[in-house]
Amino acid sequence: MLSMEVNKNYIIRIAAIVALGGFILGFDASVISGTLKFVEHEFSLNDIQLGWLVSSITLTAALGTFIAGPLSDKIGRRSVLKYAALLFAVSALFSAFSTTFTMLIIGRLIGGFSVGAALIIAPMYIAEVSPPDKRGQMVSFNQLNIVIGISAAFFTNYLILRLGDSDFGWVNTINLKKWNWRWMLGLEMFPALLYYIGLFIVPQSPRWLSMKGSLIEARQTLQKFVGANEAAKQMKSIEESILQEGKKEKVQFGELFKKNIRLVILVGIIVAIFQQLVGINSVMFYAPLIFEQTGIGTDASFLQAILVGLVNLIFTIVAMKIIDKLGRKPMLIYGMIGMATAMLILAYGFKTATYILDDGALNGLSNDAPIEKLRALEDQTFTSDLDFKAALSNALGDDKAKQYEAILVTAAAKMNSVLILCGILLFVSFYAVSIGPVMWVLFSELFPNRIRGLAISFVGLVNLTFAFLVQLVFPWQLSNLGNSLTFLLYAIFAIIGLLFIVAKVPETKGKSLEELEKLLVKST
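Residues numbered from 1 in each chain as written. Predicted model: local features only at pLDDT ≥ 70, side-chain atom pairs only at ≥ 80, totals over all residues. Heavy atoms only, no water.

**Regarding the overall build of the protein**
Here is the rule we go by: Put simply, DSSP H or I for four residues or longer makes a helix, DSSP E for two residues or longer makes a strand, and each gets a number counted from the N terminus. Radius of gyration here is computed from C-alpha atoms only, and the compact-globule reference equals 2.2 Å multiplied by the residue count raised to the power 0.38. Buried means the residue's accessible area, taken with a 1.4 Å probe over protein chains only, is under 20% of the maximum for its type, while exposed means over 50%, and partly exposed covers the values in between.
Along its length, the protein carries 26 helices and 3 strands. Its C-alpha radius of gyration of 25 Å places the protein within 12% of the 24 Å reference for a compact globule of 524 residues. Seen through its C-alpha atoms, the protein measures out along the principal axes to roughly 80 × 55 × 40 Å. Buried positions account for 55% of the 524 residues belonging to the protein.

Okay, structure coming up:
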C-alpha cells in the first residue's frame, strides 16, 4: 500500500513538472493581449501589423507541432521539452528587449515553435508514463494548465498595469510604467527557466527508451511510476506494440482522402474550422481591446479580462467532469447554441451604442491630445463606431486619428458595458464546456487506428491555420466592418456550425475505437 502511494505521488510530481509546459504555452499565447495598446502606439502599427503581432505565434506553432513529433522520436520527449523551455525563455527576452516591430515579431515566432512542441509533447509524455486507469485524468491536467496559464497572463498584465501607477520606489527603478508591455512579455522568462530546471528531475519516457532498445532502463523507469508488476505487464505490451509498428507500412498522406474515410475526414476538417470561426481567439487574444471599446477604461478592461480567464478555467473543469456522462454531440450542440446566442448579444450591444465627445470627455483627455481640433466634434452623436472613427479621421487626419483612436473611443462610447461583459463571459463559458475541449476528444476517437496520428496532425494544422487567420484579421474587421457586424458574423458561423454538427457529427461516447471504426469507415 505504501509503495502504491509513493508511486502515485511520483506520478503526480512528474506530471506536474511536465504540465508546466502547458502553463507556459497558455501564458505565452495569451500575454500578448495586454500589450497591444502600448505596442501599437510605440511602433505606430496599422491593423494588419497588429493582427500579425498576435497571430504570428500561431504560424510557427503549426510548424512546431510537425517538427516536435519526429524530433521527439529521435532525441526523446524530455529533450524536446527542454529545448522548448529554453526557446520560451529566449522568446520572452527577445520580445521584451525589442527595439523594432520586426524584432518583436521574431521573438513571437521563436515562442511559437515552443508552443507547438509543448502542445503535443507534454501530453504525449504524460500519457506514456501514466497507468491506464489514470491516463485520461493525467493528460487532462496538461489541458487544465494551459487554461491556468491563460488566466495567469490576464492577471499579471493587470497587476503590472496597476503597479505601474503606484508610488513604490522599486516601480520607478525598473521603469514598470514606461516599459509595462516589455515586463508583460519578459515575465515569461521566469516560469520558462523554472520549467527547464524542473525537467532535469523528469526521467526519459519508458516508451522512447524501449524504442531505442534500452529495455532495462525503460523497465526501471516504468517501475517508479506503476510498480514492478504493472511495469512488467506494460513492458510486454510496449515491446509487442513496437514490434507491430515496425512491421506496418508507413501511412501515406493520400490515404486521408480515400473514399471509405472521406466522411470522417470531412467531419474533422469542418469541426476544426468552426472551432476557430466562432471567434474564440478574437475574444481571448483581444479581450482588453474589446472591453476598451465599451468605454470602461484601461484598468477596468484588464480587470474584466481576468474574469474571462477565470470563466474559461471554471468551465474547462466542468467539461472534464461531464464529457463522459453527457456525450460529445450534445455538448457540441448546446455549446454552438450558447455561443451563437452570446455573439448575437454582443452584436446587439454594440449596435445600440452611441459615441459622443461631450465637454467632460474632452476635458478628461491628456494635455498632449489635439483637443482644439476635436472641439469640432463636440456633442455630436454618432450611432456606430465606424462613423465615429471616420469623423476622427476627418478632424485629425488619418495618422493622428489612429494614434488617439483607442483613447477617444473609450472616452466617447455610451453603451451597456454590463451586457457586453455578460455576452463575452457567456460565450467563453459555452466554448470552454463544448467545442474547445470536445474537439480534441472527438479527434482521438473519430479516425481509424491506422491513420489516426496523421489525421489528427492534418486537422490540427487546419485548425491552427484558421486560428492564425482569425487572429490576423480581427483588428481589420473592427476598423472596416465595425464591432457589431464582426460579432454578428461570428454568430452566423456558430449557427452554420450547429447545423453541420446536428446533421453530420456522430456520437462517439461509450464506444470502443474498434466499434467506431466499423461504424464510421465504409468498406471498400
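Having seen the model, we can carry on.
**What about unusual backbone geometry?**
Positive phi is not limited to glycine here, since Ser44 has a value of about 50°. With respect to the helices, strands and loops of the structure, Ser44 is situated in the loop between α2 (36-43) and α3 (47-75). The exposed category is assigned to Ser44, whose relative accessible area is 60%. Residue Asp379 is not a glycine yet carries a positive backbone phi of 65°. Tracing the backbone through its elements, the reader meets Asp379 in the loop between α19 (371-374) and β2 (381-382).

**Side note on the packing of aromatic side chains**
Put simply, the test is: We call Phe, Tyr and Trp rings a pair once their centres come within 6.5 Å, taking the six-membered ring for Trp, and we label the pair stacked below 30 degrees between planes, edge-to-face above 60, and tilted otherwise. Any Lys NZ or Arg CZ that is within 6 Å of a ring centre and within 35 degrees of that ring's normal is treated as a charge sitting over the ring.
The final tally for this structure, using the stated rule, is 12 aromatic pairs. Taking 5.6 Å as the distance between ring centres and 10° as the angle between the ring planes, the aromatic pair formed by Phe350 and Phe487 counts as stacked. One end of the pair, Phe350, is in helix α17 (residues 328-351); the other, Phe487, is in helix α25 (residues 483-504), with 137 residues separating them in the sequence. Relative accessible area serves as the criterion here: at 3%, Phe350 is assigned to the buried category. Note on Phe487: relative accessible area 1%, which makes it buried. Here Phe427 and Tyr431 contribute two aromatic rings whose centre-to-centre distance is 6.4 Å and whose plane-to-plane angle is 25°, an arrangement assigned as stacked. A residue pair is termed a helical-turn pair when its members lie 3 or 4 positions apart in one helix, as Phe427 and Tyr431 do in helix α22 (residues 417-432) at 4 residues. Of the residues examined, Tyr431 reaches a relative accessible area of 10% and is grouped as buried. Through pairs of rings, three or more aromatic residues link up here, namely Tyr286, Phe350, Phe474, Phe487 and Tyr490. In this structure, Lys82 is placed above the aromatic ring of Phe200, and the distance from its NZ or CZ to the ring centre is 3.7 Å.

**Focus on helix α11 (residues 215-226)**
Let me state the cut-off plainly: Expected span, for any helix, means 1.5 Å times one less than how many residues it has. Starting at the helix axis, one direction is taken to each C-beta atom, and the arc is that of these directions.
Between its terminal C-alpha atoms α11 stretches 16 Å, which fits the 16 Å expected from 12 residues at 1.5 Å a residue. Taken as a whole, α11 has its buried residues at Ala218, Thr221, Leu222, Phe225 and Val226. Axial view of α11: buried residues confined to an arc of 120°, hence all on one face. Residue Gly227 follows α11 closely and has a positive phi angle near 90°.

**Notes on the packing of helix α16 (residues 298-326) against α22**
The following threshold applies: Orientation is described by axes fitted as lines to C-alpha atoms, over the contacting stretch for helices, and by angles from 0 to 180 degrees between their N-to-C directions. Any angle from 65 to 115 degrees is called roughly perpendicular, while one under 35 is roughly parallel, one over 145 is roughly antiparallel, and all others are oblique. Crossings are sorted by hand: turned counterclockwise from the far helix by less than a right angle, the near helix makes the crossing left-handed, and turned clockwise it makes it right-handed. Whether two residues are in contact is decided by their heavy atoms: any pair within 4.5 Å suffices.
Axis separation between α16 and α22 bottoms out at 8 Å; the angle between their running directions is 30°. With respect to α22, the element α16 is oriented roughly parallel. In this structure, α16 meets α22 at a crossing whose hand is right-handed. Contacts between α16 and α22 involve Gln304, Leu307, Val308, Val311, Asn312, Phe315, Thr316 and Ala319 on the former and, on the latter, Leu421, Ile424, Leu425, Val428, Ser429 and Ala432.

**Description of the sheet that holds β2**
For the record, the criterion: Pairing between two strands is assigned when DSSP locates at least 2 bridges connecting them.
With antiparallel pairing, 3 strands are arranged side by side in an open sheet as β2-β1-β3. Each edge of the open sheet is held by one strand with a lone partner, namely β2 and β3 (413-414).

**So, the packing of helix α13 (residues 262-277) against α25**
So the rule is basically this: For this scheme, ten residues count as nonpolar: Ala, Val, Leu, Ile, Met, Phe, Trp, Tyr, Cys and Pro. Four count as charged, namely Asp, Glu, Lys and Arg, and the remainder, Gly too, count as polar.
Direction vectors running N to C along α13 and α25 enclose 155°, while the axes themselves pass 9 Å from each other. With respect to α25, the element α13 is oriented roughly antiparallel. Seen along the crossing, α13 lies across α25 with a hand that is left-handed. Seen from α13, the contacting residues are Leu266, Val267, Ile270, Phe274 and Leu277; seen from α25, they are Tyr490, Phe493, Ile496, Gly497, Phe500 and Lys504. Grouping the constituent residues of the contact of α13 with α25 by class yields 9 nonpolar, 1 polar and 1 charged.

**Comments concerning the pattern of salt bridges**
Heads up, the condition is: By salt bridge we mean one thing: a side-chain nitrogen of Lys or Arg within 4 Å of a carboxyl oxygen of Asp or Glu.
On inspection of all chains with the given rule, the structure shows 11 salt bridges. Salt-bridge contacts for Glu378 lead to Arg375; the nearest nitrogen and oxygen are separated by 3.2 Å. Note on Glu378: relative accessible area 25%, which makes it partly exposed. Taking the shortest distance from any N to any O, the salt bridge between Glu405 and Lys389 comes out at 3.9 Å. Taken as a pair, Glu405 in helix α21 (residues 398-412) and Lys389 in helix α20 (residues 385-396) lie far apart in primary sequence, 16 residues in all. An identical accessibility class is assigned to Glu405 and Lys389; each is buried. When salt bridges that share partners are traced, they join Glu40, Asp47 and Lys402 into one network.

Distances and angles like these do not, on their own, reveal function.
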